[in-house]
Amino acid sequence: MTKPLKAHKAVAEDYLATAKQSSVVHRFPFPPEMVWNALLDAQAWTQWLPITKVTWTSPKPFGPGTTRTVEVGPQVIEETFFAWEEGARMAFRFERSSLPVSAAVEDYRVVPVEGGCEMHWSGKASAPLVLGGLVTAQLTKGLKEGMPKLEALIAAEPERFK
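Figured I'd write up the structure that's included with this text. In this numbering scheme, every chain counts its residues from 1 along its sequence in written order. It should be noted that, the model being predicted, local features are given only for residues of pLDDT at least 70 and side-chain atom pairs only at 80 or more, the latter also being counted only at that level, while totals for whole chains, interfaces and linings use all residues. For the side-chain quantities, the full set of heavy atoms in the structure was used; hydrogens and water were omitted.

Quick notes on the nonpolar core
The nonpolar side chains of a soluble globular protein tend to be buried, and buried together. Definition used in this section: a nonpolar core is a set of buried Ala, Val, Leu, Ile, Met, Phe, Trp, Tyr and Cys residues joined via side-chain atoms within 4.5 Å. Three labels apply to residues, based on accessible area from a 1.4 Å probe with only protein chains included: buried if under 20% of the type maximum, exposed if over 50%, partly exposed otherwise in between. By size, the foremost hydrophobic cluster in this structure holds 42 residues, and its most contacted members are Leu39, Trp45, Trp48, Met90, Tyr108 and Met119. In terms of residue count, the dominant contributor to this core is helix H4 (residues 131-156) (seven residues). Residue contacts follow a heavy-atom distance rule, with two residues in contact if any of their heavy atoms lie within 4.5 Å. Look past the residues within four positions of Trp45 in its chain and what remains in contact with it is Ala38, Leu39, Ile51, Val54, Arg68, Met90 and Tyr108. If you look at the next biggest cluster of nonpolar residues, it comprises nine residues, including Val11, Ala12, Ala103 and Val105. Helical segments are the DSSP runs of H or I of at least four residues, strand segments are the runs of E of at least two, and each set is numbered from the N terminus.

So this is what it looks like as structure tokens:
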């Protein structure tokens, strides 16, 4: 049975700028559009991160204010995007979730580089006692392990992400 969802603090850019956060960078041998398209693909998230289901709950075109629901096993997270630069950046906060956090954000940036692109991720979670650090560490670990899987997914199905 899923735990009830609780509302979190409505954090955004200021939280990212002032809070100690974690980050991961991965270089992809693909054009930025392919990596960006993979980030828009709800099913793809379940193929490179330990996520069970992703549901975009806002219609396209996506932008600031877009919402989606992410399931990680029995945990449910309702996200609201506060930053959106098409093809380059998406950042969201955990609006409501069953996780023991008071606030959380994730920021994904796709940056063109010679021969492909880099994805820069940063994130932070706050919670009572040491739980915020533990959740942040889990997010970071998932991204570090997941980005090479995302690269393999795009390499295996390039037409899907063009």
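Right, picking up where we left off after that structure.
Section: the environment of Asp41
On the secondary structure map, Asp41 appears in the loop between helix H2 (32-40) and helix H3 (42-48). In contact with Asp41, not counting residues within four places along its chain, are Arg160 and Phe161. Nitrogen and oxygen atoms within 3.5 Å of one another constitute a polar contact, given that in protein one can donate a hydrogen and the other can accept it, and given that sequence-neighbouring residues count only through two side-chain atoms. Polar side-chain contacts of Asp41 include one of 2.8 Å to the backbone nitrogen of Ala44. At a separation of 3.0 Å, a polar atom in the side chain of Asp41 contacts the side chain of Arg160.

Re the pairing of strand S6 (residues 89-97)
For S6, a buried count of seven out of nine residues is recorded, marking the element as mostly surrounded by other parts of the structure. Strand pairing is assigned whenever DSSP detects at least two bridges linking the two strands. Pairing of strand S1 (residues 6-7) with S6, which is carried by two bridges, proceeds in the antiparallel orientation. Bridging across to S6, Ala7 finds its partner in Arg96. Hairpin geometry of strand S5 (residues 75-85) and S6 is characterised by an intervening segment of three residues between the two adjacent antiparallel strands and by a positive phi of about 80 degrees at Gly87.

A word on the side chain of Ser126
Summarising the element assignment, Ser126 is placed in strand S8 (residues 116-126). With residues near it in sequence (within four places) discarded, Ser126 still touches Tyr15, Val101, Ser102, Ala103 and Gly132.

Some thoughts on the pattern of salt bridges
For salt bridges, the criterion is a side-chain nitrogen of Lys or Arg within 4 Å of an Asp or Glu carboxyl oxygen. Counted under the stated rule, the structure contains 11 salt bridges. Residues Arg68 and Glu79 are paired through a salt bridge, measuring 2.4 Å at the closest nitrogen-oxygen approach. Of this pair, Arg68 sits in strand S4 (residues 67-72) while Glu79 sits in strand S5, and the two are 11 residues apart along the sequence. With a relative accessible area of 2%, Arg68 lands in the buried category. Here Glu78 ties to Arg96 by a salt bridge, and the two come within 2.7 Å at their closest N and O atoms. One end of the pair, Glu78, is in strand S5; the other, Arg96, is in strand S6, and 18 residues separate them in sequence. With a relative accessible area of 25%, Glu78 lands in the partly exposed category.

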